[in-house]
Structure formats: structure tokens, C-alpha cells
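Here is how the chains run, residue by residue.
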2 protein chains.
Amino acid sequence: MGSIQLEQQSSEPKYRHLKTVLTEALDTEFSVGQALPNERELAARFGVARATLRQALDQLELEGRLQRRRGVGTTVAPPRVGVDVSPRRHTWPGAPGDSWVTTDCAPAVPPTAVARMLDARPDEPVEVVHRVLVTHGQSVAAEQLYVPAAVLVTPGEAAPAGPPATGPERGRHVLARLQRLRPDGQDRSVELGSAGAPEARRLDQLPGAPVLIVTTRYAAAGRTVAAAVATYRADTCRLTFGNQGTVSLSAS
Amino acid sequence: MGSIQLEQQSSEPKYRHLKTVLTEALDTEFSVGQALPNERELAARFGVARATLRQALDQLELEGRLQRRRGVGTTVAPPRVGVDVSPRRHTWPGAPGDSWVTTDCAPAVPPTAVARMLDARPDEPVEVVHRVLVTHGQSVAAEQLYVPAAVLVTPGEAAPAGPPATGPERGRHVLARLQRLRPDGQDRSVELGSAGAPEARRLDQLPGAPVLIVTTRYAAAGRTVAAAVATYRADTCRLTFGNQGTVSLSAS
DNA sequence: GAGTGGTCTAGACCACGCG
DNA sequence: GCGTGGTCTAGACCACTCA
């Protein structure tokens with residue numbers, strides 16, 4: 001990246017041309033993990049204001065090419081890790097092979113959007129199970145699983161030995177009871193969002209960072225019995241859906 | 001949104017507080033399609049610089065709450081439209097029920113990343129079929145489908161009557177031949193990206209706008225026979241995966 | 001304490017859509 | 001031609017990490 005000046009011809013914005021130049025430099029002159037010069041240095045080298053340079057860096061970070069940490073610097077990001085969200089692996093919360101870790105649980109009234117998804121009255125109490133997904137030593141996703149209290153009571157069965165009113169143990173208790181319902185299927189959707197303050201803390205990133213929001217509706221006996229809202233770090237991960245056909249492809 | 005001043009207490013950045021205030025205003029005082037005051041007006045009303053206000057608007061646009069058009073203004077965005085990308089509906093390119101429209105096709109050498117996905121030599125020629133997906137009168141996705149020329153030739157069959165060297169008709173020809181291979185399965189992944197110049201033009205948005213990139217690998221007879229890179233507008237759509245279980249949920 | 005990225009300001013001009 | 005959002009500047013200070 002020895003370039004000193006940014007020659008430009010057309011009406012293309014500077015930051016976009018800058019992004020192109022930086023992308024080529026990343027492809028040819030940098031390796032994963034390597035640190036870039038700091039922003040003031042880079043801006044001076046290209047002869048632009050720091051805000052303009054940052055516009056280019058912002059997009060490169062959005063695309064997962066760069067990793068920026070306050071107080072530390074900017075480095076070349078590793079390729080995104082693939083996270084399998086296909087129903088085969090991620091079948092049913094708490095099922096064997098489920099690699100999520102339950103971190104907390106408490107009863108609450110759900111957000112209205114969640115209540116609608118559950119076909120529940122807006123004021124109906126639900127259990128909220130908080131879980132995180134850790135791979136390669138880093139948190140990649142945080143999830144809130146909503147289960148109406150009503151679906152957890154089994155008719156003709158005595159109330160179970162009292163679980164704690166809150167905490168991971170209560171969450172495991174809820175998942176165990178959910179397990180007893182036979183899963184029929186799930187609807188799932190993916191959209192772009194930005195991390196709220198609590199998710200950002202759990203995912204070790206700044207609030208407002210881009211995330212992929214995966215919303216899942218779980219069904220048993222033809223009824224919606226649970227809903228999950230999971231936020232995946234968009235910068236570091238890629239959602240994979242495994243093989244959706246009849247014959248396996250060999251892993252490449 | 002009659003609020004005139006932005007009182008603040010903690011170390012929370014102004015733009016984030018601003019975003020919270022605006023979100024509440026959108027939820028309570030605005031309806032879909034309604035226009036907001038212009039940016040200079042809003043910035044003055046909240047007592048911040050325009051750049052700070054724009055930081056808040058940027059995030060709200062990323063979340064699909066706002067729609068901004070240069071020369072026009074900012075309006076409240078409608079809810080994102082769900083686009084079904086489940087294998088049931090989106091089975092095999094060109095299959096009946098496939099709602100994509102073929103716009104162009106030409107032979108080319110694929111990008112190296114695509115060649116690797118196809119298990120092809122980097123210089124092996126492929127057919128590139130361009131397609132767009134239109135729903136509710138707007139383009140929501142643009143796709144490039146890569147098919148190695150080798151998989152299209154049928155041994156012991158005469159070369160077909162010459163298709164045009166380029167254009168939609170050639171694309172339909174390629175898809176028709178691809179149909180003859182029996183589909184076995186597909187691998188799919190979703191990640192965040194930003195629109196390049198050509199995709200931006202086809203999706204009627206600005207370059208750099210956030211998109212969801214869906215990469216699909218199609219297999220037949222245990223081999224990878226095609227790969228598709230589709231970019232969906234992240235602002236206006238939500239990818240849905242239908243029912244992935246054994247029993248249908250009633251549509252809500 | 002030195003150095004990094006994150007936030008913020010108060011301007012300016014440009015490109016675009018529309019009447 | 002006017003009003004809109006998009007780009008750009010040249011500063012400033014803050015919050016954070018690390019030696």
C-alpha cells in the first residue's frame with residue numbers, strides 16, 4: 001500500500017474509490033491478522049479527511065474484511081466462520097447435539113411482536129431463556145427463547161420440585177420440559193438488524209453493530225409452543241444451511 | 001415528535017440516545033409512508049449537528065425502519081417483505097414455480113472464489129446466468145448463476161441448435177439443460193455484504209447499501225453442478241425458510 | 001501517558017428528483 | 001430552480017487499551 005495519492009477522474013465518490021484501492025491492497029499486500037496503519041496516518045497518506053477514510057473502512061468492516069478495536073487498532077479480519085443453523089443440527093432447543101449454553105432464565109411478559117408470533121395474549125406470562133452460542137472461543141450469537149408458561153404445564157401431573165425463580169438452572173428446567181413435547185416443525189426467518197445494548201454486551205461488540213437476526217417459531221402438535229430471537233454477529237459469521245436435498249455433498 | 005431538546009445524563013453517545021427517541025416517535029406518532037422533517041430541520045430541532053443526526057438515521061435505515069431517497073426525503077418504511085428461500089419453493093433454477101426472471105447470460109471465466117466452490121479449475125469457462133426476483137412490483141434480489149460449460153454437454157448428443165451468444169434466451173437455454181440433470185441437494189449460506197455497483201443498479205439502490213448474500217451450491221449425481229450468488233436488499237426484505245419440519249403450521 | 005478508534009461540530013458543495 | 005439527502009472537510013474531544 002505504498003500509494004501516496006488518490007487520483008480520480010469521475011463523479012465516483014472518494015470514499016468508494018478509496019474502498020476499491022484498500023480492497024486491492026488487502027487482497028495483495030496484507031495477510032490475516034496484520035495491522036493497518038492508524039486512521040490519521042491512512043487519511044494523510046491518501047490525502048483525504050479522516051471522516052472520508054472512515055466511510056471506506058466502515059464498509060470494509062461491514063463486509064467482514066476488517067476488524068477494528070478502540071484503543072488497539074485495525075487489523076485484517078479472518079474469513080467468517082460458518083455457523084450451521086439448519087434444522088438437522090439445530091433441531092430443538094436443548095436436544096442432544098445442541099451446542100447453545102443456557103445462561104439465564106426468568107418469567108416475564110413478552111414484547112408484543114413475540115406475543116403475536118406465539119398466538120398468545122399480550123399479557124400472557126412466558127418463560128424467557130437466555131442462551132449463547134460459542135465457537136472457536138468467541139461468542140457468535142445470543143438468543144432469547146420464549147415459552148408460554150401454559151405449554152409447560154402437563155395436565156394431571158403434579159407441579160415439579162421447585163426450580164429456582166431465576167438463573168441457568170431454571171432455564172435447563174424449562175428446556176427439559178419443552179423436550180417432552182414432540183417437535184413437529186419450525187418456521188425460520190433471517191433479517192438484518194443492529195445490536196441493542198444487552199446483545200452487544202453479550203456478543204462483546206459495540207451497540208449498533210450489524211447483526212443477523214434469526215427468528216424461529218417452534219411447533220408441536222400443530223401449535224406454536226415456543227419462539228426464539230437469535231442475534232448473530234454479522235461481522236464474524238456466516239449462516240449455513242447444510243444440505244437441503246436428498247444426497248450428501250462431500251465436504252470441501 | 002414535538003420534543004425540542006435532547007436532555008442527556010450519562011456517557012451514552014448522543015446519536016444513540018437520539019436513535020432511541022426517534023424509534024419511540026416512529027412507534028407512536030408516525031405511520032407507514034409518512035414523511036419525516038428534513039435532516040437540517042431535525043438536527044436543529046434536537047440541537048445536534050447534522051452528521052450526528054445522520055448517524056442515528058443510518059442505523060434506523062439499517063434496521064429497515066426508514067427509507068431515504070436523495071432529492072425526495074425520508075419516510076417511514078413499511079415492514080420488510082418475507083421472501084421464501086426454502087428449498088421447497090426455490091428448488092432448482094428454472095423449475096416450475098421458480099419466480100426469478102432471467103435477464104442475461106454470457107460465457108465467462110468465474111471469480112476465483114466461485115471456481116473453488118464449483119471444484120473447477122480457475123480458468124475453466126462457465127455460463128453466467130443473470131436473474132432478478134421481483135415481488136410487489138420491486139426488485140428484491142439479483143443473482144448470478146454459474147454453470148460450468150462442461151456439465152451442460154450431454155455425451156453422445158449433438159450440439160443443440162445454436163442459442164444466441166448472449167442474452168436472456170441463452171440463459172433460458174442454459175437453465176433448460178440444467179433442468180435435465182436430476183437435482184440431489186443444495187448447500188446454502190447467508191451473510192452480510194454491501195452492494196457492488198452492478199447489483200446496486202439492478203436493485204435500484206446506492207452502491208454500498210447493505211445486502212444479504214445468499215450463496216448456493218447445487219448438486220446432481222453427487223457432484224457440484226452449479227453455484228449461485230444472490231444478493232437480497234437487506235433494507236426491504238426478510239429471508240424466510242418456510243416450514244422445516246414434518247407438519248405444517250397454519251399461516252398466521 | 002501515549003496511541004488507538006469513536007463521537008461530535010459547523011460549516012461547504014454536490015447529485016438527484018420534481019415541479 | 002429549489003429542496004432533498006449524499007459527500008467532504010478540518011478540526012476537536014472522549015473512551016478505551018496497553019505498556
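In what follows, the structure referred to is the one given above.
Keep in mind the model is a prediction, meaning the values are calculated, not measured.

Visitor: I would appreciate a short explanation of the interface of chain B and chain A in the present structure.
Guide: Taken together, the 42 residues of chain B in the interface contact 42 residues of chain A. Both faces considered, chain B and chain A share a buried interface measuring about 3600 Å² in area, 54% of it formed by carbon and sulfur atoms. In this assembly, chain B and chain A are joined by two salt bridges. Where B:Glu191 meets A:Arg80, a salt bridge forms, and the shortest distance between an N and an O atom there is 2.7 Å. Taken together, the connections running from chain B to chain A amount to twelve residue pairs in polar contact (both at pLDDT 80 or more). Broken down by secondary-structure element, the contributors of at least two residues to the side of chain B that touches chain A are α1 (14-29), α3 (50-62), β7 (183-194), β8 (210-220), β9 (223-233) and β10 (237-243) of chain B. Residue contributions to the side of chain B that touches chain A peak at eleven residues, all from β7(B). Residues that form the side of chain B that touches chain A fall into these classes: 14 nonpolar, 17 polar and eleven charged.

Visitor: How should I be thinking about the pairing of strand β1 (residues 66-69) of chain B in this particular structure?
Guide: Two faces, one strand: in a regular strand the side chains alternate between the faces of the sheet. Residues and elements named next belong to chain B. Burial along β1 is one-sided: the residues Leu 66 and Arg 68 are buried and none of Gln 67 and Arg 69 is. Relative to strand β2 (residues 73-76), β1 is paired through four bridges, and the arrangement is antiparallel. Paired with Leu 66 across the two strands is Val 76, which belongs to β2.

Visitor: Looking at this structure, how should I read the packing of α1(B) against α3(B)?
Guide: Helix-helix packing is characterised by the crossing angle of the two axes and by the distance between the axes. All names here are of chain B. As a packed pair, α1 and α3 sit with axes 8 Å apart at the nearest point and diverge in direction by 55 degrees. Relative to α3, the element α1 is oriented oblique. The crossing of α1 and α3 is right-handed. Contacts between α1 and α3 pair Lys 14, Tyr 15, Leu 18, Lys 19, Leu 22, Thr 23 and Leu 26 from the former with Thr 52, Leu 53, Gln 55, Ala 56, Leu 57, Gln 59 and Leu 60 from the latter. For the contact of α1 with α3, the per-class residue count stands at eight nonpolar, four polar and two charged.

Visitor: Explain the protein's contact with DNA strand D here, please?
Guide: By nearness alone, 25 residues border DNA strand D, and A:Lys14, A:Thr52, B:Asn38, B:Arg50 and B:Arg54 come closest of all. A share of 66% is what sugar and phosphate atoms reach among the atoms of DNA strand D within 4 Å of the protein. A distance of 2.4 Å separates a phosphate oxygen of DNA strand D from a polar side-chain atom of A:Thr52. Counting residues per element, the surface near DNA strand D draws most heavily on helix α3 (residues 50-62) of chain A, at four residues. For the surface near DNA strand D, the per-class residue count stands at seven nonpolar, seven polar and eleven charged.

Rules behind the numbers
- Residues numbered from 1 in each chain as written.
- Chains lettered and ligands numbered in written order.
- Predicted model: local features only at pLDDT ≥ 70, side-chain atom pairs only at ≥ 80, totals over all residues.
- Heavy atoms only, no water.
- Contact = heavy atoms within 4.5 Å.
- Buried area = accessible area lost by both parts, 1.4 Å probe.
- Salt bridge = Lys/Arg side-chain N within 4 Å of Asp/Glu carboxyl O.
- Polar contact = N/O pair within 3.5 Å; in protein donor to acceptor, adjacent residues only side chain to side chain.
- Helix = DSSP H or I, 4+ residues; strand = E, 2+ residues; numbered from the N terminus.
- Nonpolar A, V, L, I, M, F, W, Y, C, P; charged D, E, K, R; others polar.
- Buried < 20%, exposed > 50% of the residue type's maximum accessible area, 1.4 Å probe, protein only.
- Pairing = 2+ DSSP bridges.
- Axes fitted to C-alpha atoms, helices over the stretch in contact; angles between N-to-C directions.
- Parallel < 35°, antiparallel > 145°, perpendicular 65-115°, else oblique.
- Left-handed = near helix turned anticlockwise from the far one by under 90°.
- Near = heavy atom within 4 Å.

Bear in mind that shape data such as this cannot, by itself, settle questions of function.
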